[in-house]
Amino acid sequence: MPLTNSLPSIEQKLLSVLAGQDLGDITQELCDFSLEEQNATAEAQGIQPTAASDFIPVLGKTVTYIVACVLFNENNEVLAMQEAKQSCAGKWYLPAGRMEKNESICEAAIREVFEETGLNCKITTLLAIEAAGGSWFRFVLTGTITGGVLKTPAQADSESLQAKWVKNIQELPLRANDILNIVEIGKSYTNRDHSPALWHNEILPTKYSHHKNYLRVVAVIRKRATNALNVLVSEKNVHHFPTVEVHPQRSLHSTLRKFMVELFGAELPQHRPHGILSVEHCPSAPPHTTDGICLNVLVVFRPPLEEVALIGKCTWHELSKTLEEKLGRILSSKHSAIPLNVIR
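Let me begin by describing the structure that accompanies this report.

Reading the values: rules and limits
Residues numbered from 1 in each chain as written. Predicted model: local features only at pLDDT ≥ 70, side-chain atom pairs only at ≥ 80, totals over all residues. Heavy atoms only, no water. Core = buried A, V, L, I, M, F, W, Y, C linked by side-chain atoms within 4.5 Å. Buried < 20%, exposed > 50% of the residue type's maximum accessible area, 1.4 Å probe, protein only. Contact = heavy atoms within 4.5 Å. Salt bridge = Lys/Arg side-chain N within 4 Å of Asp/Glu carboxyl O. Helix = DSSP H or I, 4+ residues; strand = E, 2+ residues; numbered from the N terminus. Arc of directions from axis to C-beta. Pairing = 2+ DSSP bridges. Axes fitted to C-alpha atoms, helices over the stretch in contact; angles between N-to-C directions. 1 Å grid on protein atoms, 1.4 Å probe; cavity = no way out; pocket = protein on both sides within 12 Å on 5 of 7 lines; lining within 4 Å. Points joined across faces, edges and corners; volume = space filled by probe spheres on them. Nonpolar A, V, L, I, M, F, W, Y, C, P; charged D, E, K, R; others polar.

The subject of this paragraph is the nonpolar core. Within the largest apolar cluster, 54 residues are counted, with the highest numbers of intra-cluster contacts made by Phe 139, Leu 141, Met 260, Phe 264 and Leu 295. Setting aside residues no more than four positions away along its own chain, Phe 264 makes contact with Leu 232, Pro 269, Phe 301, Val 308, Ala 309, Leu 310, Ile 311 and Trp 316. Judged by nonpolar contacts, the second largest core, of 24 residues, contains Ile 169, Ile 182, Val 183 and Trp 199.

Turning our attention to the pattern of salt bridges. Across all of its chains, the model carries 17 salt bridges by this definition. Because the salt bridges share partners, they merge into one network encompassing Glu 100, Glu 103, Arg 111, Glu 112 and Glu 115.

You can see Cys 121 is positioned in strand S5 (residues 119-132). Residue classification places Cys 121 among the buried residues on the basis of a relative accessible area of 7%. For the pair formed by Cys 121 and Lys 187, sequence separation is 66 residues and the distance between their alpha carbons is 17 Å. Those residues within four positions of Cys 121 in sequence are excluded, and the remaining contacts are Leu 71, Ile 110, Val 113, Thr 144, Ile 145 and Thr 146.

For helix H7 (residues 321-331), the set of buried residues is Leu 323, Glu 324, Leu 327 and Ile 330. Each buried residue of H7 lies within a common arc of 120° when the element is viewed along its axis, so the set occupies one face. Among the exposed residues of H7, those pointing more than 90 degrees away from its buried face are Lys 321, Thr 322, Glu 325 and Arg 329.

Here the focus is helix H3 (residues 35-44). An α-helix turns once per 3.6 residues; consequently, residues spaced three or four apart project the same way. Those residues of H3 that fall on the buried side of the exposure criterion are Leu 35, Gln 38, Asn 39 and Ala 42. Here the buried residues of H3 occupy an arc of 100° about the axis, which is enough to place them on one side. When the buried face of H3 is taken as reference, the exposed residues oriented beyond 90 degrees from it are Glu 36 and Ala 44. Where H3 is buried, its residues contact strand S10 (243-245). Residue Gly 46 follows H3 closely and has a positive phi angle near 80°.

Let us now look at the sheet that holds S5. On the basis of which strands lie adjacent, the open sheet formed by 5 strands has the order S4-S1-S6-S5-S14 and mixed pairing. Strand pairing shows two members of the sheet lacking a second neighbour, strand S4 (96-98) and strand S14 (340-343), which therefore form its edges. The average undirected angle you get between the axes of adjacent strands in this sheet is 30°. Where S5 and S14 come together, 4 bridges link them in parallel fashion. Among the inter-strand pairings, Glu 130 is bridged to a residue of S14, identified as Asn 341. Against the sheet, helix H4 (residues 105-117) engages strand S1 (64-69), S4, S5 and strand S6 (136-148), with an angle of about 115° to S5. Most of the contacts of helix H5 (residues 180-190) go to S5, to which it runs at about 125°, and overall it touches S1, S5 and S6.

In this section: empty space enclosed by the protein. Taken as a whole and assessed by the stated rule, the structure comprises 1 cavity of 30 Å³ or more. In this structure, the largest cavity spans a volume of roughly 30 Å³. If you trace the largest cavity, you find it lined by Leu 215, Leu 252, His 253, Leu 256, Pro 273, Val 297 and Leu 340. When residues of the lining of the largest cavity are assigned to their parent elements, the largest contribution, 3 residues, is made by helix H6 (residues 252-264). Residue classes in the lining of the largest cavity are distributed as 6 nonpolar, 1 polar and no charged.

Across the 6 residues of S1, 6 count as buried, placing the element largely inside the fold. Neither face of S1 is left uncovered, since the one carrying Thr 64, Ile 66 and Ala 68 and the one carrying Tyr 65, Val 67 and Cys 69 both have all their residues buried. The pairing of S1 with S4 spans 3 bridges and is antiparallel. The residue of S4 that forms the bridge with Ala 68 is Ala 96.

Along the chain, Ile 221 turns up in strand S8 (residues 214-222). Of the residues examined, Ile 221 reaches a relative accessible area of 1% and is grouped as buried. Taking the C-alpha atoms as reference points, Ile 221 and Ser 160, 61 residues apart in sequence, are found 49 Å from one another. Each residue touching Ile 221, except ones within four places of it in the same chain, is listed here: Ala 228, Leu 229, Asn 230, Phe 301, Pro 303, Pro 304, Leu 305, Val 308 and Trp 316.

Taken together, 3 strands build an open sheet; the order of strands is S3-S2-S7 and the sheet is antiparallel. Looking along the sheet, the strands with just one partner apiece sit at the ends: strand S3 (92-93) and strand S7 (162-166). Bridge analysis of strand S2 (residues 78-82) against S7 gives 5 bridges, and the strand direction is antiparallel. By the bridge assignment, Ala 80 is partnered in S7 with Lys 164.

By themselves, these figures tell us nothing about what the structure is for.
Written out as structure tokens, the structure is:
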């Protein structure tokens with residue numbers, strides 16, 4: 001199939017990603033390394049595939065999405081809730097829980113906060129994304145309290161025993177310590193007024209439906225001769241950012257690495273994920289119900305472009321000065337993208 005769009009549109013797509021907007025791409029058609037192709041590659045190497053090629057992400061069946069909310073009041077106290085579940089009754093945690101069918105990420109977060117604390121909130125941004133394998137994701141969000149009444153022990157129910165604002169959550173008996181890191185991220189973001197340029201803007205998940213789970217890779221590299229920043233572009237069907245289907249049985253880092261090998265060969269140039277630029281998710285309506293997500297991940301290559309060989313159907317595109325400056329600001333700070341924590 002001939003290429004049907006031009007490279008300048010890649011810059012428009014990049015601007016959309018940086019603005020937290022969906023690209024409108026039909027990822028099924030623009031996927032460069034599907035699960036079927038990953039399985040074929042494994043079988044060619046004598047390795048038995050560990051996931052079905054027709055894997056579909058369906059909440060409550062094949063994938064689990066969790067929301068967790070880190071909310072602070074004017075006294076810099078964090079909102080905590082006391083668990084009612086028999087397995088951890090009396091322990092404390094952040095308002096959190098599983099997304100339900102037909103919910104968006106933000107809708108799930110607002111519901112969990114209300115059910116477990118009695119408070120209403122407005123979600124303002126993603127703070128972090130955590131992943132275990134390729135089928136368990138936790139979306140960490142923050143926002144502002146807009147109303148409601150803080151739940152007291154007299155209002156205890158199956159959702160929680162009570163909720164309260166606490167200065168130091170470590171002083172409470174916690175259900176698990178895995179929230180300590182995200183509380184610190186939330187605290188730093190809330191107090192970012194001292195250095196706002198170092199932090200990402202408010203980034204909310206965009207409501208766009210995907211049939212499967214994908215990593216869309218925004219890979220950047222500098223050209224030694226000009227120091228110009230270049231972005232990797234796939235030439236499969238139409239120009240687009242290289243996209244790989246998430247393998248449900250592998251870590252996201254493993255999926256990304258195997259995809260990079262497909263594009264650059266076994267002698268991989270040194271590179272690292274800088275963070276997530278944006279997230280796309282919207283539950284699709286019946287009869288084609290799926291719960292796919294697309295994570296737009298920024299990947300930075302260390303060697304200069306002149307030293308990196310491509311074997312996949314990709315090319316490098318030199319960015320305009322305006323876009324180079326925008327991306328340059330993001331690359332200059334570790335807080336300028338949504339952190340991706342891969343749990344092993």
